[in-house]
Amino acid sequence: MSKSILITGGAGFIGSHVVRWFVKKYPEYSIYNLDALTYAGNLENLKDVDTAANYSFLKADICDAVEMDRLFKLYKFDAVIHLAAESHVDRSIKDPLSFAKTNILGTLNLLESFKKYSDYQSGLFYHISTDEVYGTLGEKGLFTESTSYDPNSPYSASKASSDHFVRAYGETYGMPFVISNCSNNYGSFQFPEKLIPLFINNIVNSKPLPVYGDGNYTRDWLFVEDHANAIDVVFHQGKIGETYNIGGHNEWKNIDLIKLLCSKMDTYLDRPKGESEKLITFVKDRPGHDLRYAIDASKISKELNWQPSLKFEEGLDRTIEWYLNNQEWLESVTSGAYKNYYNKQYS
Ligand code: NAD
Ligand code: DAU
């Protein structure tokens, strides 16, 4: 079966893994990666697939409705897997408008162009979303697909809004859609503003490790390739109009994860035991900081037979090794504008 699939945000962290996964596994599909190459997008992330016969890159901004119309008219995509977004909570606190623009209006542009120019009723719009739309959990309980939306940050509010628009296009125009809401991802090519790569980079450079608040916040971590696999499964087998929660059954308090990371880094860098932990610095908390995220992934597991494949410590080792072996990548993405962001955020 030949299919033309548009993947948006394919030059970012998760998107590049999804593009790689689909390009390699499905040579019969034409994969189009549409990305504006913001600070978070980098074509270096796709070096191993960028000459593949079934891969094309389209540099474009999803906020540009005219350009979206032009591209959808030209390529008549059969399906869209939508990942392009502003994704960092701290940035959303400083600049909520750009999150509303990209995450809400950008998504709306894609829905409109897909409706206007594709045979959309026999296609699929797959929206990649986050568990943050559910707000925060207390010490107990898990997010299920029927947990009410209760977003707390401008980022999660914008993602919640885009989820609602996708569902509304399904109800109103009969557009076939699926949505998945995933927990925190980690792995290679993650931009070093996010906790794990930021702290790896700071440990390498003996810089302070800025722990927000008391560090007793919990996240549920999933290896990014397990997320790419889940996206493949939902894309091919998910029921139209349904939502699937994706998570790692892998809850860590930030401070415990950071201590584990520090101890591993001491070994990798051949430093005395306890050296990296000395860099831990408790700093002002993130406003509106959600206490705990944890996913009940039983629906995707029972209905679509998906499970995370990797144990956390193994995934963390693979991630640390990747960053240590790709210092040039780290240096290139942390130079320039990122320096200004870093100084403002952590001064
Ligand atoms: P990222 O910030 O690493 O990448 C985002 C990509 O989108 C970049 O390549 C960027 O250039 C592109 N982009 C941004 N604005 C654009 C625009 N206007 N037009 C076209 N392209 C644009 O993000 P990520 O962490 O890979 O997240 C990808 C998606 O997955 C997002 O929708 C995010 O909400 C969702 N998600 C992320 C996580 C996570 O832990 N990182 C977890 C669950 C869901
Ligand atoms: O849950 C899914 C979400 O996970 C995704 O939708 C988001 O795109 C992704 O960025 C991520 O959001 P978080 O806010 O959970 O990730 P972040 O890596 O920014 O922070 C993880 C935890 O670490 C969080 O409790 C805040 C804390 N933290 C983060 C940074 C950057 C610190 O203590 N210090 C820091 O410097």
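Notes on the structure in this doc start here. (Residues numbered from 1 in each chain as written. Chains lettered and ligands numbered in written order. Predicted model: local features only at pLDDT ≥ 70, side-chain atom pairs only at ≥ 80, totals over all residues. Heavy atoms only, no water.)

### Looking at the side chain of Q345
Phase 1: Counting through the fold element by element, Q345 comes out in helix α12 (residues 337-346).
Phase 2: For Q345, a relative accessible area of 17% corresponds to the buried category.
Phase 3: At a separation of 3.0 Å, a polar atom in the side chain of Q345 contacts the side chain of Y212.
Phase 4: In this structure Q345 touches D90, K94 and Y212, once residues within four positions along its chain are discounted. (Helix = DSSP H or I, 4+ residues; strand = E, 2+ residues; numbered from the N terminus. Buried < 20%, exposed > 50% of the residue type's maximum accessible area, 1.4 Å probe, protein only. Polar contact = N/O pair within 3.5 Å; in protein donor to acceptor, adjacent residues only side chain to side chain. Contact = heavy atoms within 4.5 Å.)

### Details of the layout of surface pockets
Phase 1: In this model, the second largest pocket occupies a volume close to 360 Å³.
Phase 2: Within the residue set of the lining of the second largest pocket, elements represented by two or more residues are α3 (89-94), β8 (209-212), β12 (280-283) and α12.
Phase 3: Among the residues making up the lining of the second largest pocket, the classes are represented as eight nonpolar, three polar and six charged. (1 Å grid on protein atoms, 1.4 Å probe; cavity = no way out; pocket = protein on both sides within 12 Å on 5 of 7 lines; lining within 4 Å. Points joined across faces, edges and corners; volume = space filled by probe spheres on them. Nonpolar A, V, L, I, M, F, W, Y, C, P; charged D, E, K, R; others polar.)

### Some thoughts on empty space enclosed by the protein
Phase 1: Overall, the coordinates contain two cavities of 30 Å³ or more when judged by the stated rule.
Phase 2: By volume, the largest cavity is sized at about 60 Å³.
Phase 3: Forming the boundary of the largest cavity are V89, I93, E132, N152, S153, R219, R286, P287, G288, H289, D290 and Y293.
Phase 4: In this model, the second largest cavity occupies a volume close to 30 Å³.
Phase 5: Contributing to the lining of the second largest cavity are Y39, A40, N42, N45, F189, Q190, F191, W329 and V333.
Phase 6: Residues that form the lining of the second largest cavity fall into these classes: six nonpolar, three polar and no charged.

### Quick word on the pairing of strand β10 (residues 243-246)
Phase 1: Side chains of β10 alternate between two faces, with T243 and N245 and Y244 and I246 buried alike.
Phase 2: Bridging between strand β6 (residues 177-182) and β10 involves four bridges; their strand directions are parallel. Looking at β10, one finds that N181 is bridged to N245. (Pairing = 2+ DSSP bridges.)

### Quick notes on the site of ligand 2
Phase 1: Taken together, 26 residues are adjacent to ligand 2, and T130, D131, Y155, R286 and Y346 come closest.
Phase 2: At 2.7 Å, a side-chain N or O of T130 approaches an oxygen atom of ligand 2.
Phase 3: Here an oxygen atom of ligand 2 sits 2.9 Å away from a polar atom, N or O, in the main chain of Y212.
Phase 4: Surface burial for ligand 2 is 95%, taken as the share of its 690 Å² of free accessible area covered by protein chains.
Phase 5: Sorting the residues of the shell around ligand 2 by element identifies α3, α6 (195-204) and β8 as the ones contributing at least two each.
Phase 6: Among the residues forming the shell around ligand 2, the class breakdown is 12 nonpolar, seven polar and seven charged. (Near = heavy atom within 4 Å. Areas by Shrake-Rupley, 256 points an atom, 1.4 Å probe, with all protein chains shown as cover.)

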